[in-house]
Structures are given as structure tokens and as C-alpha cells.
Amino acid sequence: MHRAARYAFLQSTSTKSCRFLILSSFRQGKIVPYKLTDIGEGIREVTVKEWFVKPGDKVSQFDNICEVQSDKASVTITSRYDGLVKVLHYKIDDVALVGNPLVDIELEEQLDNEISQEENAQERHPQEKPEMDRASIFPKDVVMSGENLLGKVLATPAVRRIALENNINLKDVTPTGRDGRVLKEDILAHLKGRFGNAEEEKDSGKVAPVKEYAKHMWKTMTKALSIPHFTYSDDCDVTKLMLFREEIKGALKREGISLTYMPFFVKAASNALEKFPHLNAWLDEESQSVKMVEQHNISIAMDTPEGLVVPNIKNVQNLSIVEIARELNRLQQLGKKCSLPLSDITGGTFCLSNIGTIGGTYMKPVILSPQVAIGAVGKIQKLPRFGERDSVIAVNLLSVSWSADHRVVDGVTVAKFSNKWKHYVENPLLLALGI
Ligand code: COA
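Residues numbered from 1 in each chain as written. Predicted model: local features only at pLDDT ≥ 70, side-chain atom pairs only at ≥ 80, totals over all residues. Heavy atoms only, no water.

Evaluation of the coordinates by the stated rule reveals 13 salt bridges. For K49, the salt bridge identified is with D93, shortest N-O distance 3.5 Å. On the criterion of sequence distance, the pair formed by K49 in strand β4 (residues 45-51) and D93 in the loop between β8 (83-88) and β9 (95-97) is long-range, its members being 44 residues apart. According to the relative accessible area criterion, K49 is partly exposed, its value standing at 26%. One salt bridge in this structure joins K49 and E306, with 3.2 Å as the shortest N-O distance. Of the two residues, K49 is situated in strand β4 and E306 in the loop between β15 (302-304) and β16 (307-309); the sequence distance between them amounts to 257 residues. Salt bridges here are not isolated pairs; linked through shared partners, they connect K223, E285, D405 and R407. (Salt bridge = Lys/Arg side-chain N within 4 Å of Asp/Glu carboxyl O. Helix = DSSP H or I, 4+ residues; strand = E, 2+ residues; numbered from the N terminus. Buried < 20%, exposed > 50% of the residue type's maximum accessible area, 1.4 Å probe, protein only.)

Structure, rendered in C-alpha cells:
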């Protein structure tokens, strides 16, 4: 079977409108561009991290096509069609825009009148069709000075990505490619001109675009600027907690579970939130209301190869310390591979950050809107303190800092909550028993 479709291009001399007619029938399946659909959360672009198919592969509906990474999470894209993969539109690490094709798939047996209908629809609403669709149906001679008749500049997705990231209108770039196509060299030359060779002037200074997880950090941190933060710090003696963990961590390790301090901190937060539900909440600025959430979905600030990401452990109120540890291990594994799915990243209700893995004592943690409170712990330090009868004793101190949205949470509530949390981390048995 051979695809014998041809297009004739008829252009009216009196108007700029154009039409395409299919002159011979499709004996083989129709080739459809499979577009990246809206994956929610306001995501407009993603980075292609892995392809599970290559041209020539047969795919069925729901087969995995590729793994993409947004600034919030990684998502596996599955096929909507049965057919043969013809073209992959992106290379690994290219940025794909929502609405543009990811792959072309040749469908199993299609009727050519479906094609005609689609072409007619295109004629009626040319602006509604994404550019790459048009490129695949335009005959070569429709292309004039780098723009097709719909006024779009020709360029590859990689070039478009650079343009998008640097806020460049491709029409401003001088094209040197065939048919006036804007090449990567063209846009790089344009960029160099725009920055006035600042890179060379600063010797080794390089321009690094903000991407993926860092983009999300940009958004959430900018949003946090409008939140009046109330910050409160205290020290906790975690000597008993350290002994308690020492006793059980070996046994858990043999079961493949790494038990750090974090699961205790997370459980202590959940137990304390039972008493202070106003802190496990989402603020709706528009309606000026606070929704107390029943589930304790505790967000954990996590350092990953691609920067800070904040997945959450769901329903901590129902989990034991060991179950929290297992869940944290799972999230850390995914974080290391930068493949946390959206479901693990969304829905957090209260946040904890442990910078003590790196060092440091006190912090001013930044609230993750719409949450209303966040805690951060520093590194456990062995320090001298006064004991009974002014004796000097060695204690293991953990510093904790809390920030709360002072529009809806008062300082006394934060201090009381902190005392409760401290009670639990200083008394691990009571923590485990929930009393
Ligand atoms: N003080 C002393 N030791 C600590 C500690 C602390 N505050 N926190 C962790 N440790 C120890 C752990 O117990 C573990 O030692 P072990 O092997 O003897 O058990 C070791 O440090 C490494 O712990 P880690 O693997 O990092 O796990 P964790 O559960 O303690 O922490 C994360 C998990 C996700 C919080 C952590 O890996 C991380 O990413 N921290 C950075 C968070 C961040 O970026 N914060 C800034 C936000 S702006």
C-alpha cells in the first residue's frame, strides 16, 4: 500500500484566501498529528524527557508514547490512536507546547473523506489550527520568504523554544534557512546581538534560562511576596528521638526502608495539626476565606537534580511513622529521577522543610500559597545546656522555624502549635501513641 495523496493549491487573485483539494484517495491510513493536550494546572509547555516509541513502531490506544516534564511534575503521555508512528516532533530535552503535535501517527484504515472534512474545516478557521498542522499539509511552493500564507514563520520546535524562552518574535529574526526558515544559528545570532555581546564582556558570564521546577519556584515565591509572614523559632531536645530511631532503624533497613528523622517530624506535625486545624488549610484570597482541610497532606521541600520540588505525603493522619517513611522513600526515589507525577505534587495542605541535611540552624521559611503555614528544621547539634542543680549536660538540639500567613493566623496559635510539635519530637513514644 502506498500513500498517493496529492494536494492542489488554488489561490484566488482577488482575495488572500486559499484552498486545498485532495486529488486522489488515501489507500493507506491517514497520518494524524497527535497533539499535546492540556494536562491541567495551567501548564503551557513541557520538556520531553523520554520517548517510548520510535518511527515505525506500532502503537495501540493507551500505549505509552513519551514522558514529559513540566515545571511541576512529570507526566506519561499515552496514545489516543491505533496506528504506526511516523514522526517524532521533538528530541529529548526539547520543549513541547500544549496544542502542538508530539508525534505523527498513521491510523489504521481511514476514509479519505475524513481528511477532506478536516481540510475544509481548516479553510474555514485557519487560525484555529496549530502551525505544525498547517506545515504538514502545505505544499512546498506555498512557502514564501520564511512565512507561509497564514503569516507564520517557519522554524523547528527547538528554535521556537529558544524564541519563547527569550521572548523573541521570530519575525524579527533574519532567516538563512531553506525557504526562509529560521535556523538555530539565526536565533542565536539574534540573541547575541540583543545582549550586545554581554557574555563576552563579562568574561565567563553565561545566560541560563530558568526552566522546569525552577520556573514553578519562581511563580510560587513571587506569589509569596504578597503574604505577610509571621515567623517563630524554638529549640527542641531530640536526644530521646535519636535513641529511639537508633533502636529501630536497623530492623527497618533490613526491610528496605530508610528511617530518617523526617517521618517523625511529619507525624509530629500531623498530630499537632489535629489540635490546630486552622494551620492545615488553604486560603482563598478572592473570597477572603480559609478552608480547613481534613486530610493532612504534608508537603516536603525536596532537593532534586533539577532543583527544589515539593511533593506531599497524603493522609498523614492515617499513617504510622513507618508508613510515612516508606512513602517518603518512594517520593525521594522519584525526586532523584525528576519523575514525580502531578498527583504527588498537588494537594499539599501544610509544608515542612529540612535544611538540616545540608546544615544551618534558623530559617525564615516561605509559605507555599494557598497553604497558610510552613515549618523548617535545621541541623541537629550536640550542645551544652544546664541540667539539674546547674550541672552542664550535653543535649542534641534541633531548631525549628515556623512561618504563618499573618492575615489569617495569629502568633499565639503558631506558638501553641510549635509547643505541641516540640512535645512530640521530644517524646517519641508519646508521638507513636498519639498522646
Ligand atoms: N540533622 C541531622 N541529621 C539529619 C537531619 C537533621 N536535620 N536531617 C536528616 N539527617 C540525616 C538523616 O537522618 C540521614 O542520615 P542516616 O542515613 O543516618 O539516616 C541523612 O541525614 C540524609 O537524610 P536524607 O536522605 O536527606 O533524608 P531525610 O528524610 O532526612 O530528608 C529530604 C529528606 C527530602 C527533606 C531531604 O533529602 C532534602 O531534600 N532536603 C533539602 C530540603 C530543601 O531543599 N529545603 C530548602 C527549601 S527552600
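As a further point, take the packing of aromatic side chains. All told, the structure shown has nine aromatic pairs when counted by the stated rule. Ring-pair connections join several aromatic residues into one group, and the members of that group are Y261, F265, F276, F350, W402, F417 and W421. Just above the ring of Y261 sits the side chain of R245; from NZ or CZ to the centre is 4.2 Å. (Phe/Tyr/Trp six-rings, centres within 6.5 Å; stacked < 30°, edge-to-face > 60°. Lys NZ or Arg CZ within 6 Å of the ring centre and 35° of its normal.)

In this structure, F265, F350, L352 and W421 are the most contacted members of the largest nonpolar core, which totals 53 residues. Looking at this core, the element that brings in the most residues is helix α8 (residues 262-275), giving eight residues. Residues V32, I43, I65 and I77 belong to the second largest nonpolar core, which totals 23 residues. (Core = buried A, V, L, I, M, F, W, Y, C linked by side-chain atoms within 4.5 Å.)

Attention now moves to the environment of V310. Secondary-structure assignment places V310 in the loop between β16 and β17 (312-313). It is 5.9 Å that separates the C-alpha atoms of V310 and S299, two residues lying eleven residues apart in sequence.

Now for the confidence of the model for the protein chain. Predicted coordinates in areas of low pLDDT are best not read in detail. With 80% of its residues at a pLDDT of at least 70, the protein chain reaches an overall mean of 81. In this model residues 110-143 is a low-confidence stretch, pLDDT under 50, and it forms 55 contacts with partners more than four residues away in sequence or in other chains. Across residues 145-150, where pLDDT falls below 50, the model places 24 contacts with residues more than four positions away in sequence or in other chains. (pLDDT = per-residue confidence, 0-100. Contact = heavy atoms within 4.5 Å.)

This part is about the sheet that holds strand β3 (residues 31-35). Strands sit in the order β3-β10-β8-β5 across an open sheet of four strands; the sheet is antiparallel. Of all strands in the sheet, those bounded by a partner on one side alone are β3 and β5 (58-59). (Pairing = 2+ DSSP bridges.)

Moving on, we get to the environment of V266. The residue V266 is located in helix α8 in this model. The class for V266 is buried, based on a relative accessible area of 0%. In this structure, V266 is in contact with I298, I300, V316, I324 and L352, ignoring residues within four places of it in sequence.

The full set close to the ligand counts 20 residues, and R245, T260, D303, N354 and G378 are the nearest of them. Interatomic distance of 2.7 Å between a side-chain N/O atom of R245 and an oxygen atom of the ligand. Judged by the fraction of its atoms near the pocket grid, the ligand is located in the largest pocket. At the level of secondary structure, the elements contributing two or more residues to the shell around the ligand comprise α7 (239-254), β15, α9 (321-336) and β18 (350-354). (Near = heavy atom within 4 Å. Polar contact = N/O pair within 3.5 Å; in protein donor to acceptor, adjacent residues only side chain to side chain. 1 Å grid on protein atoms, 1.4 Å probe; cavity = no way out; pocket = protein on both sides within 12 Å on 5 of 7 lines; lining within 4 Å. Sits in = over half its atoms within 2 Å of the grid points.)

By the criterion of burial, strand β21 (residues 392-405) is predominantly enclosed, with eleven of the 14 residues buried. Direction of pairing for strand β19 (residues 373-377) relative to β21: antiparallel, over a ladder of five bridges. Note that in β21 the partner of I374 across the bridge is S403. Turn length for the strand β20 (residues 381-386)-β21 hairpin, with the two strands adjacent in sequence and antiparallel, is five residues, and the turn residue R389 shows positive phi of about 50 degrees.

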